[in-house]
Structures are given as structure tokens and as C-alpha cells.
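Report on the structure
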Amino acid sequence: MSSIQTVGIIGSGTMGNGIAQACATQGIRVVMVDIAQAAVDKGLATISGSLDRLIKKEKISAADKDAALGLIKGSTNYDDLKGAQLVIEAATENEGLKVKILQQLDGLLAPEVIVATNTSSISITKLAAATQRPDRFIGMHFFNPVPMMALVEIIRGLQTSDATHDAVKAMAEKLGKTPITVKNAPGFVVNRILVPMINEAFFVLAEGLATPEDIDAGMKLGTNQPIGPLALADMIGLDVCLAVMTVYMAEYNDSKYRPAPLLKEMVAAGWLGRKSGRGVYSY
């Protein structure tokens, strides 16, 4: 399998533009596609601002920024993806939408092109089955903010070939990331452990065992986490945490994934965290 020189990215939102920046700063050409020109422009502006912050911190030079931006082509035309050896789908977390995009790519890309999805919750095996290249389909779960976070979960569907896995793993390493290989199951590894931990923090809070501040301080100081689970829930969005637990409950059919009643109650109140101005804490 030829090495990956050009990466296509579908979606120029938070994850898409982050992946584009991570590729371009390592000298890999990028074609970033979104439906509307305004979305593409916003994605490019976000990358430019992010690189400016790195210049300020003296992590990169102005010349590095220009070189990186020179490698990124923004587009609203799927045909521009034809030169890529790897296309990463980073569209909204919606199965129907992702399947539609993947089927569109099938007709467009040469058979040997690898297609990856940056989903955090949808079955890789199921998405692979919707394509005509299931052996060349894989999950690449990047973490937000992509330029800063070292991890990529590489998720193999039942159909993913060893060659596909090895090419994508090498690509992640080329980006300066540390990949871990994961079999396909809801939540993969990190969120499977993380979100139930957050859910458990809501049970502890509801039982009145400690104040939110003390629960968060306990986890930060006692387990060396940079942020406590309740503050993290406010950052992620309580609605998102609840949605993830609901998926685990349905998929694993195991009561240990029961969403905490307090979490459900706060979501019902519209207390979703930072984005709504109030969650466990007020903002």
C-alpha cells in the first residue's frame, strides 16, 4: 500500500479542521471538504487562529504557519478528494448522514483508497458494511482539541484488513500521535471507561457524599486527572453524557450503565453545562 501523501477530510468543524491542522503541520497535503463555502472558510480561519497561538507560544515560526496553510485546500466539491490516499469522514455524529457520505465516496474514490471515520459512537463494523470497501474501512477516533491531544483510537471493524490497520497506524504516528488499537464496541476504550466514571460522579453527588467541588478536587488530587468528572461533564455537555450512557445501556443491556437519575433530571431542566450557562456549576 503506497504511503499516504494526501488526506481528504469531510467536515470542516471542530474535529475536521483539527485533523487538517495536525496533517498539514507534518507536511501532509490536505483537502478539506464541507457542504457550504462559509463552513469551509470558518474551518480555515480556525486553523489560522490556532497556528497564530502556536507562534505566540514560540512552538512554530510564521514560515511554518504559511507552509501548513499552503498544504490545505478548502473545497465544497467532493471531486477534489480524488487525489487522496486516505479520506477521513468527520461529519456530524449521525449514522444516516455518515452512511450517505460513505456511499457517495465509494463511487468517487479508486478502490485502493482507505476510508476512515472519526465517529465516537457509531459501529465501525456497521458503517464498513455500508461501503463497497469494508476491508479498507477503519475508525480513527481523534480527541478534541486534535492538535494538542496525543491519542488516536484506531478501531478495527470485523472486516478491516491488517494492511489497512497498519497503514492508518503508521499515518497516526507520522502525525506525532500515539495510536492505540481497539476492537469495535460501543464507546471503544476511552469513552467506555470515562463516561461511566462521570455518571458515577453524579450518583455520588446525588447521594450527598460530598460537594461538587470536593468530588472534583478528590478526583484531581487523588488520581492526577487535570479536571474533575463533574467539571468535565459541564464541558462535554450533560446531554451528551446522558446520550452516551443511554447508548451503552441499550447496546450492552447491563444495568451498570444505568444513567444517574440526577443526570437525567438536570438535562430535563436544561442545565447542560457550559453551553447553557449552568450545569453542575454556574458559568
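Keep in mind the model is a prediction, meaning the values are calculated, not measured.

1. What to know about the pairing of strand β5 (residues 114-117)
The alternating pattern of β5 places Ile-114 and Ala-116 on one face and Val-115 and Thr-117 on the opposite face, and all of these are buried. Here 4 bridges tie strand β4 (residues 86-89) to β5, and the two strands are oriented parallel to one another. Paired with Leu-86 across the two strands is Ile-114, which belongs to β5. Traced from β4 through helix α4 (residues 95-108) to β5, the parallel crossover comes out right-handed.

2. Notes on the sheet that holds strand β6 (residues 137-142)
Ordered in space as β3-β2-β1-β4-β5-β6-β7-β8, the 8 strands form an open sheet in which the pairing is mixed. In this open sheet, the two edge strands, each paired with only one partner strand, are β3 (72-75) and β8 (178-183). Across this sheet, the average inter-strand angle for adjacent strands is 25°, counted without regard to direction. Here β5 pairs with β6 via 3 bridges, running parallel. Bridge pairing in β6 places Ala-116 opposite Ile-138. Packed onto the sheet, helix α1 (residues 14-24) meets β1 (6-10), β2 (29-33), β3, β4 and β6 and runs at close to 165° relative to β2. Each of β2 and β3 is contacted by helix α2 (residues 37-56), which is oriented at about 155° to β3, the strand it contacts most.

3. Focus on the nonpolar core
One finds Val-7, Leu-86, Met-140 and Phe-142 to be the most contacted residues of the largest nonpolar core, which totals 34 residues. Sorting elements by how many residues they give to this core places α1 first, with 6 residues. Val-7 has contacts with Cys-23, Ile-28, Arg-29, Val-30, Val-31, Ala-84, Leu-86, Ile-88 and Met-171, leaving out every residue within four places of it along the chain. Residues Ile-10, Leu-105, Leu-108 and Ala-128 belong to the second largest nonpolar core, which totals 24 residues.

4. A short note on the packing of helix α7 (residues 190-206) against helix α11 (residues 261-268)
For the pair α7 and α11, interaxial distance at closest approach is 7 Å and the crossing angle is 90°. With respect to α11, the element α7 is oriented roughly perpendicular. In this structure, α7 uses Asn-199, Phe-202, Phe-203, Leu-205 and Ala-206 to contact α11, whose residues at the interface are Pro-261, Leu-262, Leu-263 and Met-266. For the contact of α7 with α11, the per-class residue count stands at 8 nonpolar, 1 polar and no charged.

5. Description of the side chain of Glu-89
Relative to the elements of secondary structure, Glu-89 occurs in strand β4. Among the polar contacts made by the side chain of Glu-89, one reaches the main-chain amide nitrogen of Ala-91 at a distance of 2.8 Å. Residues contacting Glu-89, with those up to four places away along its chain left out, are Ile-10, Lys-98, Ile-101, Leu-102, Ala-116, Thr-117 and Asn-118.

Cut-off values and rules
Along each chain, residues carry numbers from 1 onward, in the same order as the chain's sequence is written. Per-residue local features are limited, in this predicted model, to residues with pLDDT of at least 70; the limit for side-chain atom pairs, both in listing and counting, is 80 or more; totals at the level of whole chains, interfaces and linings are taken over all residues. Processing note: side-chain calculations cover all non-hydrogen atoms of the structure and skip hydrogens and water entirely. Relative accessibility under 20% of the residue-type maximum defines a buried residue, over 50% an exposed one, and the middle range a partly exposed one, all with a 1.4 Å probe and only protein chains included. Secondary structure elements are taken from DSSP: a helix is a run of H or I of four residues or more, a strand is a run of E of two residues or more, and numbering for both begins at the N terminus. Two strands are said to pair when DSSP picks up at least two bridges between them. Whether a crossover is right-handed comes down to one check: with the strands pointing away from the viewer, does the path from the first strand over the helix to the second run clockwise; if it does, it is right-handed. Helix axes use the C-alpha atoms of the stretch in contact, all axes being lines fitted to C-alpha atoms, and the angles between their N-to-C directions lie in the range 0 to 180 degrees. Any pair of residues with heavy atoms lying within 4.5 Å of one another is described as a contacting pair. We define the nonpolar core as a collection of buried residues of types Ala, Val, Leu, Ile, Met, Phe, Trp, Tyr and Cys that are connected through side-chain atoms lying within 4.5 Å of one another. Comment on the angle field: the value is read as roughly parallel under 35 degrees, roughly antiparallel over 145, roughly perpendicular from 65 to 115, and oblique elsewhere. Three categories are distinguished: nonpolar for Ala, Val, Leu, Ile, Met, Phe, Trp, Tyr, Cys and Pro, charged for Asp, Glu, Lys and Arg, and polar for the others, with Gly belonging to the last. Polar contact is defined as a pair of N or O atoms within 3.5 Å, subject to the rule that within protein one atom must be able to donate a hydrogen and the other to accept it, and that residues adjacent in sequence are counted only when both atoms are side-chain atoms.

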